[in-house]
Amino acid sequence: MGDSGDSSKKGLEGTGLALPPNKHGNLISASSDENLNDILLRIKSSKTPTVINYGASWCGVCGQILPAFCKLSNQFPKLSFVYADIDECPETTQHIRYTPTFHFYRDGERVDEMFGAGEERLHDRLWLHS
């Protein structure tokens, strides 16, 4: 279940996974509906391309792609990366029907969507939107 023994940890820390460190400060995690709504508002007024990874701590495929997502944040420093656990942001993520789901934003608008894992597929999408 990805439980690290401390149920108070949320976002990336709450996954219980050993994740690569982010070197550019371009990776954040949403820890609540309010937090994710704030992030979405910032995305809408931003020119920075952004990708949101909607996942869940209980999702095995999500746990497989999350370390790659973190690693890729270091390879694409001009992109913003957001991780949102659907259980921590249930109201804001109720439209998500499959995990992992990736939403890509450019100039404040959602321009692409990707379902499922695959590091090479994700890398190619990130390259396309960077």
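Below is a short write-up of the structure. Predicted model, so just to flag it, every value in this text is computed and none were measured. (Residues numbered from 1 in each chain as written. Predicted model: local features only at pLDDT ≥ 70, side-chain atom pairs only at ≥ 80, totals over all residues. Heavy atoms only, no water.)

## Notes on the overall build of the chain
Which entries qualify depends on this criterion: Segments assigned H or I by DSSP are reported as helices when at least four residues long, segments assigned E as strands when at least two residues long, and all are numbered from the N terminus. We take the radius of gyration over the C-alpha atoms and set the globule estimate at 2.2 Å times the residue count to the 0.38 power. When a residue's accessible area, from a 1.4 Å probe over protein chains only, is under 20% of the maximum for its type it is buried; when over 50% it is exposed; and in between it is partly exposed. The charged-residue count follows a simple rule in which Lys and Arg add positive charge and Asp and Glu add negative charge, with His and chain termini not counted at all. Charged groups are reduced to one reference atom each: NZ for lysine, CZ for arginine, CG for aspartic acid, CD for glutamic acid.
Helix and strand content of the chain: 3 helices and 5 strands. Whereas a compact globule of 130 residues would reach a radius of gyration of roughly 14 Å, the chain reaches 13 Å, a difference of no more than 12%. Expressed as lengths along the three principal axes of its C-alpha atoms, the size of the chain is roughly 40 × 30 × 25 Å. Across the 130 residues that make up the chain, the buried fraction comes to 44%. Taking the 13 positively charged and 17 negatively charged side chains of the chain as two groups, their mean positions are separated by 7 Å.

## Points about the pattern of salt bridges
Note that side chains of opposite charge can pair when their charged atoms are close. Note the cut-off: The working definition used for a salt bridge is a side-chain nitrogen of Lys or Arg within 4 Å of a carboxyl oxygen of Asp or Glu.
Enumeration according to the criterion identifies 3 salt bridges in this entry. Among the ionic pairs, Glu113 bridges to Arg110, the shortest N-O distance being 3.9 Å. When its relative accessible area of 29% is taken as the criterion, Glu113 is described as partly exposed. Take Arg110: its relative accessible area is 44%, and that puts it in the partly exposed class.

## Things to note about the pairing of strand 3 (residues 80-85)
Filter applied, for reference: Pairing between strands is defined by DSSP: at least two bridges between the two strands are required. Handedness of a crossover: with both strands directed away from the viewer, a clockwise path from the first strand across the helix to the second marks it as right-handed.
Within strand 3, 5 of the 6 residues are buried, leaving the element largely enclosed by the surrounding structure. Here strand 1 (residues 27-30) pairs with strand 3 via 4 bridges, running parallel. Within strand 3, the residue paired with Leu27 across the bridge is Phe81. Where strand 2 (residues 50-55) lies against strand 3, 6 bridges are found, and the strand directions are parallel. Of the residues in strand 3, the one forming a bridge with Asn53 is Tyr83. Regarding topology, helix 2 (residues 60-75) serves as the crossover connection from strand 2 to the parallel strand 3, and that connection is right-handed.

## A closer look at unusual backbone geometry
Of the consecutive residues Thr99 and Pro100, the connecting peptide bond is found in the cis state with omega at -5°. Structurally, the position occupied by Pro100 is in the loop between strand 3 and strand 4 (101-106). Non-glycine residue Asp107 carries a positive phi angle of around 50°. Relative to the helices and strands, Asp107 is located in the loop between strand 4 and strand 5 (109-115).

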